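Read off the chains here:
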Amino acid sequence: MPDQITFYGNADSGHAYKVGLMLAVSGLAHTYQSIDIGQPCHLRPEPFRSLAKFGEVPLLVHNGVPYIQSDSILMHLAELSGGFGAESPLRMARVREWLFWEANRLGMCLPQLRWARSFAPQDYPPGAVSWLQSRFDVDIAKLEAELADGRAFIIDDLPTIADFSLCGYLFWADAAEVVLPVGVAAWLQRIRELPNWQSPESLLAPLLAP
């Protein structure tokens, strides 16, 4: 029996975009359901409400089993596909290093900068945005330095889930009002050229009723 995969996301979520991009580029068959993240958690539809332990997107349900947290879902999908970093234990070890770095560094400051500068600046106390910007500057310089040796993707010349994780919010650089260095911009362009790539807004848009 074929694997049954249902993916719940939202076009404003970079964390959901990581998962949607992996599903699109890998070609893993799935169904998609958009979740209105503007709704209070207790009003979100079932079965999402019961299966999403923290009430957040993304949620992936694979053969009836729920998986949450974007980087954890990416690891599961890589193992399911047998590629994108799952080709060997050593390769997956290198991938995991970047997943954890992204969660603690780039994935902490960049979404907040986007939110502060495009949605709700009133939510941030004085000095918070400048601190987030300074942290982003350090993180994006690290990513730029890593790509300076000419490799196509973050591990080597093949894309992995580490690339999908790292790029999750970088396609919203304009909304975050951040400038991307040339090496990072070129790497993002190579991601855009992968088969089945779509922008977050296109990939995660609500499906129209027939």
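That block above? That's the structure.
Residues numbered from 1 in each chain as written. Predicted model: local features only at pLDDT ≥ 70, side-chain atom pairs only at ≥ 80, totals over all residues. Heavy atoms only, no water.

Looking at this model, I keep getting lost on unusual backbone geometry. Mind explaining?
Trans peptide bonds make up the majority, and among non-glycine residues the majority have a negative phi. Note the cis peptide between Glu 46 and Pro 47, where omega equals 5°. When you line up the elements, Pro 47 lands in the loop between β2 (31–34) and α2 (48–51). Of the consecutive residues Val 57 and Pro 58, the connecting peptide bond is found in the cis state with omega at 5°. Within the element layout of this structure, Pro 58 appears in the loop between α2 and β3 (59–62). (Helix = DSSP H or I, 4+ residues; strand = E, 2+ residues; numbered from the N terminus.)

Where do I start with helix α4 (residues 89–104) in this structure?
Turn by turn, an α-helix covers 3.6 residues, leaving residues three or four places apart pointing in a common direction. In this model, α4 (16 residues) spans 23 Å end to end at C-alpha, consistent with the 22 Å of a helix rising 1.5 Å per residue. Among the residues of α4, those classed as buried are Arg 91, Met 92, Ala 93, Val 95, Trp 98, Leu 99, Trp 101 and Glu 102. Buried residues belonging to α4 abut α1 (14–26), α3 (70–81), α5 (106–118), α6 (128–146) and α7 (161–167). (Expected span 1.5 Å × (residues − 1). Buried < 20%, exposed > 50% of the residue type's maximum accessible area, 1.4 Å probe, protein only. Contact = heavy atoms within 4.5 Å.)

Just to check I follow, could you spell out the sheet that holds strand β4 (residues 65–68) for this structure?
Two orientations exist for strands paired in a sheet by backbone hydrogen bonds: parallel and antiparallel. In spatial order, the strands read β2-β1-β3-β4; together these four strands make up an open sheet with mixed pairing. Across the chains shown, the open sheet's two edge strands, defined by having one partner strand only, are β2 and β4. Each strand axis lies, on average, 20° off the axis of its neighbour in the sheet, ignoring direction. Sheet analysis places strand β1 (residues 5–9) next to β3, joined by four bridges and oriented antiparallel. (Pairing = 2+ DSSP bridges. Axes fitted to C-alpha atoms, helices over the stretch in contact; angles between N-to-C directions.)

Looking at this structure, I do not really get the environment of Gly 38. What am I missing?
With respect to the helices and strands, Gly 38 occurs in the loop between β2 and α2. Sequence-wise, Gly 38 and Ser 88 are 50 residues apart; in three dimensions their C-alpha atoms are separated by 40 Å.

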